[in-house]
Protein chains: 2
Amino acid sequence: MNIPDSIRIFADEGRGEEFLSNIWGRRPVFTCTIGNTETAKIPGLSAAGAVPEITDRTPAADMELLLYGRCRSIEGVPVTPDGIPTPAIITMSALQLTDMPTMVVNGGTFVRPQTPYVDLGGQGGSDIRTTGPAVQGTEEVFGRAVQLGRSLAGMSDYLVLGESVAGGTTTALAVLAALGYDADGKVSSSLPKNPHPLKAEVVQRAISDSGLEEDPHPLEAIEAVGDPMIPAAAGLAVGAASRIPVLLSGGTQMCAVLAVVKGIDPSVLGNLALGTTKWIIDDRESDILDLVAQCAQVPVLASGLNFSDSRYHGLRVYEEGVVKEGVGAGGSTIAAVASSGGDLDMEVMLSRIEENYQGLCHGR
Amino acid sequence: MNIPDSIRIFADEGRGEEFLSNIWGRRPVFTCTIGNTETAKIPGLSAAGAVPEITDRTPAADMELLLYGRCRSIEGVPVTPDGIPTPAIITMSALQLTDMPTMVVNGGTFVRPQTPYVDLGGQGGSDIRTTGPAVQGTEEVFGRAVQLGRSLAGMSDYLVLGESVAGGTTTALAVLAALGYDADGKVSSSLPKNPHPLKAEVVQRAISDSGLEEDPHPLEAIEAVGDPMIPAAAGLAVGAASRIPVLLSGGTQMCAVLAVVKGIDPSVLGNLALGTTKWIIDDRESDILDLVAQCAQVPVLASGLNFSDSRYHGLRVYEEGVVKEGVGAGGSTIAAVASSGGDLDMEVMLSRIEENYQGLCHGR
């Protein structure tokens, strides 16, 4: 196996190479776990949706894009307030190029996707600042997700585990903080200017009002201050990684998933890697490698997609730190490269992404 | 490939052997599509549930049995009014012995299973005798199921497609009749004495009040007089069978699914077989082979499970025509034999079934 330039390895290079060689040329299943929260609607916190009211529909619309190549729950595609389109355009391109089977998982949403999706009995989450649980029934959702992860492990060589939940870095920060990690100023953002002070304020208030004790159980931390994606994705990882490799695909939100997995079943950590984009690795306003290092010795893989020379402004701005990651964009790209045995190069990826961008965004 | 005595082939022996050789030693995914209808509660029609009120919970409880080995939505297990337990005990045994990955599909229910399940946006069905649609949104459910079938085809060598819907032979009869098949007196029953006159009366009233025209589209026929399992299972079959073999697993209900598939996409029929039990084949009060012959030249495979010598009364009565089939009991047994390359024999199956029976039914 010659690792191409399109994949870079961080954190633990030896285990990163070992993980890659285990998945090289094998057949993955791509899952994307979605969630909604009222937290996402706090003004200034998330860029996943042009206006707060539409953020509820962003995860559903992302899933429709992955499965049907067009959104059904909204016109056009999800965009940031500046009109920059969803990273699901990257993911859909990776899935298309390798015909990767895909399963949508509903962690808990206000708007259900108009696609087939696996339900785990979860509901949308509250604003984490309010008293009472932020996420209902985390134990049940986690348990069902473990079962689903076991089933999917029987259907695939490895699992790629993406997410779409607006406002998710703030709830990830809250869960990490509740579990005792030093995450302040380290989670990423879909906005070019990361609103760290606002996130810290929201999280501080959420935790102080939560009644959480020191060293809570991970599911209690999620119930108090998390989002509905986290117990579902963590359960999937625990269920699948006892049998097959699992690539946690996302930015710093996946660090919260990793921390929950570690807190519940550290025996599976050796079968995990984190897959993201170089935009997250290179981001100076967050620190994914520090978060992973605090948590567990798992390798971090980054896709080397580069949009500098794209024909489209809406893609070139990714190089300036807009959007960066989401919907498993980085992990699905890595899995596409791996399942092609390294043959898929980033020019072909960019060309497919631009084609999809052109078709969906009318070449803006 | 030496076909063991535990599998018998009917209808088209050559194609049956060809189908079996295509799946021999390969990895299936088992799906079970569930549905509820008000039709199931017409007194005397169905044995799937001790009393009509509990029939709503039967499909959910069956799915819990398959995934967790115990029911959550009811105490004990679903039984007929005479206390004979659900055929899901057979299916769970086949799945356990081969560690077959399983996916629950919700066609449309009043009671959701307390398991992970794929949702297709469907709802529970009305009593087919009432005016107005019996099943809502069949086109949407069918379309999503096609998409799911395509995804599952990327995760497995072949698909085993079971069902659990109480009262399903009556709605199957209604759909077959609406599509012009001569099915009167030919659908099976979970009751030892098949209530054909009652079924015929219900179906006649349903069709005459439905406003259906001659030669309706299959989805219109389901919408008017069917149940929510049929569009979901038919969509799964159409989506998957364009790529991989599909074993329609059930009794005469699967003939309605077959008829719908034929009416919508006959190009996939060559990749289909029907898998059932010898209790259905040998049943003198129904005629599955005639129904299949009217519809399409697909092979019929039957598991040769024999409960004559069982230690338990509740299993021995299967030989007298009680229950007979359901929850993919026949197809899952055939798939278990095929995936073992013929090694799994029926004594081992019976012994596992008895063990599960003992544990779940306290040896009644």
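Residues numbered from 1 in each chain as written. Chains lettered and ligands numbered in written order. Predicted model: local features only at pLDDT ≥ 70, side-chain atom pairs only at ≥ 80, totals over all residues. Heavy atoms only, no water.

Let's talk about the overall build of chain A
The test is simple: Starting at the N terminus, helices and strands are each numbered in turn, a helix being any DSSP run of H or I of at least four residues and a strand any DSSP run of E of at least two. Remark: exposure states derive from per-residue accessible area (1.4 Å probe, protein chains only) relative to the maximum for the residue type, with buried under 20%, exposed over 50%, and partly exposed in between. It only takes one pair of heavy atoms within 4.5 Å for two residues to be counted as in contact. Here the Shrake-Rupley method, with its probe set to 1.4 Å, supplies the accessible areas, and only the displayed protein chains count as covering residues. Residues scored as charged are limited to Lys and Arg (positive) and Asp and Glu (negative), so that His and the chain ends carry no count. The atoms used to mark charge sites are NZ of Lys, CZ of Arg, CG of Asp and CD of Glu.
Check the secondary structure of chain A and you find 15 helices and eight strands. Along the first, second and third principal axes, the C-alpha set of chain A runs to 50 × 40 × 40 Å. Burial analysis of chain A (364 residues in total) assigns 65% to the buried set. In chain A, 79% of the contacts between residues at least 6 apart in sequence involve partners at least 24 apart. Working note: accessible area of chain A is about 12,300 Å², and carbon and sulfur atoms make up 43% of it. Charge separation in chain A, taken as the distance between the mean sites of 25 positive and 44 negative side-chain charges, equals 4 Å.

Structural notes on the interface of chain A and chain B
For the record, the criterion: Buried area: the accessible area, evaluated with a 1.4 Å probe, that two parts lose upon being put together, summed over both parts. Any Lys or Arg side-chain nitrogen located within 4 Å of an Asp or Glu carboxyl oxygen qualifies as a salt bridge. Pairs of N or O atoms within 3.5 Å make up the polar contacts considered here, provided that, within protein, one atom can donate a hydrogen while the other can accept it, and that residues adjacent in sequence are counted only when both atoms are side-chain atoms. The nonpolar class holds Ala, Val, Leu, Ile, Met, Phe, Trp, Tyr, Cys and Pro. Asp, Glu, Lys and Arg form the charged class, and all remaining residues, Gly among them, are polar. By definition, two strands form a pair when at least two bridges between them are found by DSSP.
With 27 residues of chain A in contact, the opposing surface of chain B contributes 27 residues. Buried area between chain A and chain B, summed over both chains or domains, comes out near 2,100 Å², and the portion from carbon and sulfur atoms is 55%. Note that Arg-72 of chain A and Glu-140 of chain B form a salt bridge whose closest N and O atoms lie 2.8 Å from each other. The interface formed by chain A and chain B includes six residue pairs in polar contact (both at pLDDT 80 or more). When grouped by side-chain class, the residues that make up the side of chain A that touches chain B number 13 nonpolar, seven polar and seven charged. Bridge count between strand β4 (residues 117-119) of chain A and strand β4 (residues 117-119) of chain B: three bridges; the pairing is antiparallel. Looking across to β4 of chain B, one finds that Val-118 of chain A is bridged to Val-118 of chain B.

Focus: the environment of Leu-67 of chain A
Residue and element names in this part refer to chain A. Examined against the element boundaries, Leu-67 turns out to sit in helix α3 (residues 58-68). Overall, the relative accessible area of 13% leaves Leu-67 in the buried class. Considered as a pair, Leu-67 and Thr-102 are 35 residues apart in the sequence and their alpha carbons are 7.6 Å apart.

As for the packing of aromatic side chains
All names here are of chain A. Spelled out, the test is: Any two rings among Phe, Tyr and Trp, with Trp reduced to its six-membered ring, count as a pair given centres within 6.5 Å; such a pair is stacked if its planes are under 30 degrees apart, edge-to-face if over 60, and tilted if neither. Criterion for a charge above a ring: Arg CZ or Lys NZ at most 6 Å from the ring centre, at most 35 degrees from the ring normal.
Throughout the structure, instances matching the rule amount to eight aromatic pairs over all chains. In textbook terms, an aromatic cluster arises when at least three aromatic residues are bridged by ring pairs, as seen for Trp-279, Phe-307 and Tyr-318. In this structure, Arg-72 packs its charged tip against the face of Tyr-68, placed 5.7 Å from the ring centre.

Some details on helix α12 (residues 288-295) of chain A
All names here are of chain A. Rules: Working note: the arc is built from the helix axis to C-beta atom directions.
Taken together, the buried positions of α12 are occupied by Ile-288, Leu-291, Val-292 and Cys-295. The arc that holds the buried residues of α12, viewed along the axis, is 95°, so those residues lie on one side. Those residues of α12 hidden inside the fold are in contact with α6 (168-178), α10 (253-264), β7 (272-277), α11 (278-281) and β8 (300-303).

Remarks on the relation of the copies chain A and chain B
The line we're drawing: In this comparison the copies share one frame, found by least squares on the C-alpha atoms of residues holding pLDDT of at least 70 in both.
Mapping chain A onto chain B is achieved by rotating through 180° and translating by 0.0 Å along the same axis, at an RMSD of 0.0 Å. The operation mapping one copy onto its partner corresponds to a two-fold rotation axis. Taking C-alpha positions as reference, the residue of chain A nearest the rotation axis is Val-118 of chain A, located at 2.0 Å.

Some details on the nonpolar core
Rule in force here: Side-chain atoms within 4.5 Å link the members of a nonpolar core, which is a set of buried Ala, Val, Leu, Ile, Met, Phe, Trp, Tyr and Cys residues.
Leu-272 of chain A together with Leu-272 of chain B are the most contacted members of the largest nonpolar core, which totals 150 residues. For Leu-272 of chain B, the residues in contact, after removing those within four places along its chain, are Phe-19, Ala-237, Ala-241, Val-246, Leu-248, Leu-258, Val-261, Val-298 and Pro-299 of chain B.

Remarks on the pattern of salt bridges
Working definition: two side chains of opposite charge can pair if their charged atoms are close together. All told, the structure shown has 30 salt bridges over all chains when counted by the stated rule. The salt bridge partner of Lys-41 of chain A is Glu-38 of chain A, with a shortest N-O separation of 3.2 Å. Assessed through its relative accessible area of 23%, Lys-41 of chain A is described here as partly exposed. In this structure Glu-38 of chain A comes out as partly exposed when scored by relative accessible area, which is 33%. Lys-41 of chain B serves as the salt-bridge partner of Asp-56 of chain B, at 2.8 Å between the closest nitrogen and oxygen. One end of the pair, Asp-56 of chain B, is in the loop between α2 (52-55) and α3 (58-68); the other, Lys-41 of chain B, is in the loop between β2 (28-35) and α2, with 15 residues separating them in the sequence.

As for the packing of helix α4 (residues 88-98) of chain B against helix α15 (residues 346-361) of chain B
Residues and elements named next belong to chain B. Applied cut-off: Helix axes use the C-alpha atoms of the stretch in contact, all axes being lines fitted to C-alpha atoms, and the angles between their N-to-C directions lie in the range 0 to 180 degrees. For this classification, under 35 degrees means roughly parallel, over 145 means roughly antiparallel, 65 to 115 means roughly perpendicular, and everything else is oblique. It is the rotation of the near helix from the far one that decides the hand of a crossing: anticlockwise by less than a right angle makes it left-handed, clockwise makes it right-handed.
The N-to-C vectors of α4 and α15 enclose an angle of 120°; their axes lie 9 Å apart at closest approach. One finds that α4 runs oblique with respect to α15. When the axes of α4 and α15 are compared, the crossing they make is right-handed. On the side of α4, the interface is formed by Ile-89, Ile-90, Met-92, Ser-93, Ala-94, Gln-96 and Leu-97, while α15 contributes Val-348, Met-349, Arg-352, Ile-353, Asn-356, Tyr-357, Leu-360 and Cys-361. Each residue belonging to the contact of α4 with α15 can be placed in one class, and the counts come to eleven nonpolar, three polar and one charged.

Description of the side chain of Ser-93 of chain B
Residue and element names in this part refer to chain B. Structurally, the position occupied by Ser-93 is in helix α4. According to the relative accessible area criterion, Ser-93 is buried, its value standing at 0%. When near neighbours in sequence (up to four residues on either side) are disregarded, Ser-93 contacts Met-349, Arg-352, Ile-353 and Asn-356.

A short note on the packing of α3 of chain A against helix α4 (residues 88-98) of chain A
All names here are of chain A. As a packed pair, α3 and α4 sit with axes 9 Å apart at the nearest point and diverge in direction by 25°. For the element pair α3 / α4, the angle class is roughly parallel. Taken as a pair, α3 and α4 cross one another with a handedness that is right-handed. For the pair formed by α3 and α4, the contact residues are Asp-62, Leu-65 and Leu-66 on the first element and Ala-88, Ile-89, Thr-91, Met-92 and Leu-95 on the second. For the contact of α3 with α4, a count of residues per class yields six nonpolar, one polar and one charged.

Focus: α3 of chain B
With ten of eleven residues buried, α3 of chain B lies mostly within the body of the structure. In the segment just after α3 of chain B, Gly-69 of chain B is the residue with positive phi, at about 75°.

Remarks on the state of the cysteines
Rules: By disulfide we mean two sulfur atoms from cysteines, separated by a distance within 2.5 Å.
Summed over all chains, the structure comprises zero disulfides over all chains. Here Cys-361 of chain A stays free of any disulfide, with the sulfur of Cys-71 of chain A as its closest cysteine sulfur at 9.3 Å. Considering cysteine sulfurs only, Cys-255 of chain B is the nearest to Cys-295 of chain B, which forms no disulfide, with 7.4 Å between them. Take Cys-295 of chain B: its relative accessible area is 6%, and that puts it in the buried class.

A closer look at the pairing of strand β6 (residues 246-249) of chain B
Residues and elements named next belong to chain B. To keep it simple, the criterion reads: Whether a crossover is right-handed depends on one test, that the path from the first strand over the helix to the second runs clockwise when the strands point away from the viewer.
Of the two faces of β6, the one lined by Val-246 and Leu-248 and the one lined by Leu-247 and Ser-249 are each fully buried. For strand β5 (residues 158-164) and β6, the ladder comprises three bridges, and the chain directions are parallel. Across the sheet, the residue bridging to Leu-161 is Leu-248, located in β6. As a crossover connection, the stretch from β6 through helix α10 (residues 253-264) into strand β7 (residues 272-277) is right-handed.

Notes on unusual backbone geometry
Residues and elements named next belong to chain A. With phi around 70°, Ala-11 is a residue other than glycine that occupies positive phi space. Inspection of the secondary structure assignment puts Ala-11 in the loop between β1 (7-10) and α1 (13-23). Ala-11 sits in the exposed class, given a relative accessible area of 60%.

Regarding the environment of Leu-315 of chain B
Residue and element names in this part refer to chain B. Tracing the backbone shows Leu-315 in helix α13 (residues 313-316). The spacing of Leu-315 and Leu-350 is 35 residues in sequence and 9.7 Å in space, taken between C-alpha atoms. In this view, Leu-315 contacts Phe-307, Ser-310, Ile-353, Glu-354 and Tyr-357; residues no more than four positions away in its chain are not counted.

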